[in-house]
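Residue-level listing of the chains:
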Amino acid sequence: MKKNLSLFITSLLLFNFSFIYAQTKHTAKAVAAKTFKINSNLFGKSPGVSACDTVNLDAAQNWHPISYGYNGDGYVFGTIDSTDFGFNFIEQANYFDVSSSDYSYISGGLVYFSFANTNTPADLNKDIIFKLYDDNGGYPGNLLASTTLKLSQVKQDVLNNDLTEFAFPTAIKMPLSKTFYISVDDSNFEWTSTVKDSISIVASQNGEASDAAYQKISIAGLDEQWIKVSDIWIDGNTGNPLEVNLFIFPYVSNAIDGCSILPVSMFNFGGTVKDQQAYLNWSTASESNNKGFYVERSKDGKNFTDIGFLKGAVNSTQIKNYTYTDATLKDINVTTTYYRLKQVDVDGKYTYSKVLPLNITNILKWRLYPNPVKDVATVELNLETASKVTVQVFSRDGKVVLTTDKGIINAGTQQVFINTQNLATGSYIVRTKVGDKTYSQMIIKE
């Protein structure tokens, strides 16, 4: 089971980094940048039984995903040519602290891979290992659980723009400290002059997230050891340590079966408000005996009323997208309105999503529609002040294929039209610059 999260590639970003070991510096760079928008946790609350959550997934919507490479010889958080170092990187881990929560079990999680391929077909059958460790004085300690996936499986996830989901054989009781590490072990793979096992995990942009990344190194004749990324990698432009968070999102719950009882895997539950109407959207990665979804609304976030129903797919293993418009929002006379979904099985059992608050006074800064598009796409802007507006369309390789410079346009709701008739079928990035702010979104040309 995989979770598609509306991923797209932006133009190539170059950031220089240096690696310091034994007084030797080596230059690396960010070889690609990818961005996705996440509107909610993958899982919501089940009714009074337990909760399944995905750590850091909400926070990651504000990070800038980067794939860090090393001089064209592999990837900082994955396979890399280690001949310059005198040791091998064999494992990438991220630290998690959920001590302020009531969660007590870990059952698996998601990892965002930017690359997963090989020039050696036999290596596609090799295992990538996902591990869970407790904490030992600020470094990964005892191994608590592990599971594997074939490189071929992860490769398919990358090709499909999916995050990779892994699950431990059974849910694991958290350490008492509720601090732990999730790692990806790629020691079965290599990057040499002849073998190119290209595996890379996405990380946040330097300094914008917690300093939570670790690597295990293997030194000939010595024991393997963990080392903090910020202690060995620095930003070659600024000299600052490389402080990043890996895009690894553990599943946690407060019951041993908390992440296994949900018959429908819901994600991307979000919404916007425009013209006194609420536009809700959500997706499912899989459905089992799903009758459908009741949309519920509340003025206070506690007392909910059913306002509509959408029929489910019953059984599905494909990504399904749902939308609902609340056209009566103007009638309830509150500043913030709360929504949740009540997913109902064919047999009457039900599960609630997370609660989604929408501020009626908030103005949606921009939206792009229709998507997919055939002939003309519209960029709609809600401008608080008169602003300079430029819209560009990029191909997947980062080339500008269309530019519309509108100059200074007035405050209020404005529209910029993009003629896509001459664009080839495929996916593109629409980048809208409003003053000193930039908004980007993928669009599909049919």
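Residue positions within a chain follow its written sequence, with the count starting from 1. Only residues with pLDDT of at least 70 are given local features in this predicted model, and only at 80 or more are side-chain atom pairs given and counted; all residues enter the totals for whole chains, interfaces and linings. Here the side-chain values reflect all heavy atoms present in the structure, with hydrogen atoms and water set aside.

Q: Before we go on, may I ask you to explain the overall build of the chain in this structure?
A: Scanning the chain for helices and strands turns up two helices and 32 strands. Per-residue burial for the chain yields a buried fraction of 51% across its 446 residues. Carbon and sulfur atoms form 47% of the exposed surface of the chain, whose accessible area is close to 19800 Å². The helix and strand labels rest on DSSP assignments: H or I over at least four residues marks a helix, E over at least two residues marks a strand, and numbering proceeds from the N terminus. Here the term buried applies to any residue with accessible area under 20% of the maximum for its type, exposed to any over 50%, and partly exposed to those in between, with areas from a 1.4 Å probe on protein chains only. Accessible areas in this description were obtained via Shrake-Rupley with a 1.4 Å probe; residue shielding takes into account the shown protein chains only.

Q: Sorry if this is basic, but what is going on with the pairing of strand β23 (residues 336–345) here?
A: Regular strands place their side chains on alternate faces of the sheet. Counting buried residues along β23, seven of its ten residues qualify, which places the element largely inside the surrounding structure. Two strands are counted as paired when DSSP detects at least two bridges linking them. In the sheet, β23 pairs with strand β24 (residues 350–352) via three bridges, with the strands oriented antiparallel. Paired with Gln-343 across the strands is Thr-351, a residue of β24. Hairpin connection of β23 to β24: four residues between the antiparallel strands, including Gly-348 at a positive phi of 95°.

Q: Teacher, can you tell me more about the packing of aromatic side chains here?
A: Between two aromatic rings, the relevant description is the distance of the centres plus the angle of the planes. Stacked, edge-to-face and tilted are the three classes for Phe, Tyr and Trp ring pairs, Trp counted by its six-membered ring, which pair at centre distances within 6.5 Å; planes under 30 degrees apart are stacked, over 60 edge-to-face, the rest tilted. In this structure the tally under the stated criterion is 19 aromatic pairs. With a centroid separation of 5.3 Å and 80° between ring planes, the pair formed by Trp-63 and Phe-247 is classed as edge-to-face. In this pair, Trp-63 sits in the loop between β5 (52–54) and β6 (66–69) while Phe-247 sits in the loop between β17 (233–235) and β18 (248–253), placing the two residues 184 residues apart along the sequence. The interplanar angle of 80° and the centroid separation of 6.0 Å between the aromatic rings of Tyr-68 and Phe-77 together place this pair among those described as edge-to-face.

Q: How should I be thinking about the confidence of the model for the chain in this particular structure?
A: Reading predicted coordinates in detail is not appropriate for stretches of low pLDDT. On a range of 0 to 100, pLDDT expresses the predictor's confidence in each residue. Residue-level pLDDT values for the chain average 79, and 81% of them are 70 or greater. Element-level mean pLDDT values for the chain span from 25 in strand β2 (residues 7–9) up to 98 in strand β13 (residues 179–185). Between residues 1–50, whose pLDDT stays under 50, and residues either more than four places distant or in other chains, the model counts 199 contacts. Residue contacts are counted whenever heavy atoms from the two residues lie within 4.5 Å of one another.

Q: Honestly, unusual backbone geometry in this entry has me stumped. Any pointers?
A: The bulk of non-glycine residues show a negative phi, and the bulk of peptide bonds are trans. With an omega of -15°, the peptide bond between Tyr-369 and Pro-370 qualifies as cis. Note the cis peptide between Asn-371 and Pro-372, where omega equals 10°. Among the secondary structure elements, Pro-372 is positioned in the loop between β26 (366–369) and β27 (376–383). The backbone of Lys-178 shows a phi angle near 55°, a positive value even though the residue is not glycine.

Q: How should I be thinking about the sheet that holds strand β7 (residues 87–97) in this particular structure?
A: Across a sheet, strands are paired by hydrogen bonds formed along the backbone, either parallel or antiparallel in direction. Pairing in this open sheet of six strands is antiparallel, and the strands run β11-β10-β13-β7-β15-β16 from one edge to the other. In this open sheet, the two edge strands, each paired with only one partner strand, are β11 (140–150) and β16 (225–228). With direction set aside, neighbouring strand axes in the sheet form an average angle of 30°. Pairing of β7 with β13 involves seven bridges; the strand directions are antiparallel. Among the inter-strand pairings, Tyr-95 is bridged to a residue of β13, identified as Tyr-181. Fitted lines through C-alpha atoms give the axes, limited to the stretch in contact for helices. The angle between two N-to-C directions lies from 0 to 180 degrees. In this fold helix α1 (residues 151–159) packs onto β10 (127–135) and β11, with an angle of close to 75° to the strand it touches most, β11.

Q: Just to check I follow, could you spell out the sheet that holds strand β31 (residues 426–434) for this structure?
A: Here four strands make up an open sheet; going across it, the order is β29-β28-β31-β32 and the pairing antiparallel. Edge positions in the sheet fall to β29 (400–409) and β32 (437–445), since each of these pairs with one other strand and no more. With direction set aside, neighbouring strand axes in the sheet form an average angle of 15°. Here β31 runs beside β32; their pairing, made up of nine bridges, is antiparallel. By the bridge assignment for β32, Val-430 is matched with Gln-441.

Q: Looking at this model, I keep getting lost on the pattern of salt bridges. Mind explaining?
A: Opposite charge on two side chains permits pairing when their charged atoms draw close. A pairing counts as a salt bridge when a side-chain nitrogen of Lys or Arg comes within 4 Å of a carboxyl oxygen of Asp or Glu. If you walk through the whole model with that rule in mind, you get ten salt bridges. Measuring nitrogen to oxygen at the nearest pair gives 3.6 Å for the salt bridge that ties Lys-216 to Glu-91. Of the two residues, Lys-216 is situated in strand β15 (residues 213–219) and Glu-91 in strand β7; the sequence distance between them amounts to 125 residues. Under the relative-accessibility criterion, Lys-216 is labelled buried at 11%. A single salt-bridge network, built from bridges that share partners, covers Glu-91, Lys-131, Asp-185, Lys-216 and Glu-224.

Q: What should I look at first to understand the nonpolar core in this one?
A: Note that soluble globular proteins tend to have their nonpolar side chains buried in a common cluster. As used here, the term nonpolar core means buried Ala, Val, Leu, Ile, Met, Phe, Trp, Tyr and Cys residues forming a set that is joined through side-chain atoms within 4.5 Å. Ranked by size, the top nonpolar core spans 48 residues in total, and within it Phe-77, Phe-113, Ile-128, Phe-180 and Trp-233 carry the most contacts. With residues near it in sequence (within four places) discarded, Phe-113 still touches Ile-128, Phe-130, Val-154, Val-158, Thr-164, Val-184, Ile-199, Ser-200, Ile-201 and Val-202. Within the second largest apolar cluster, 18 residues are counted, among which are Leu-368, Ala-377, Val-391 and Val-416.

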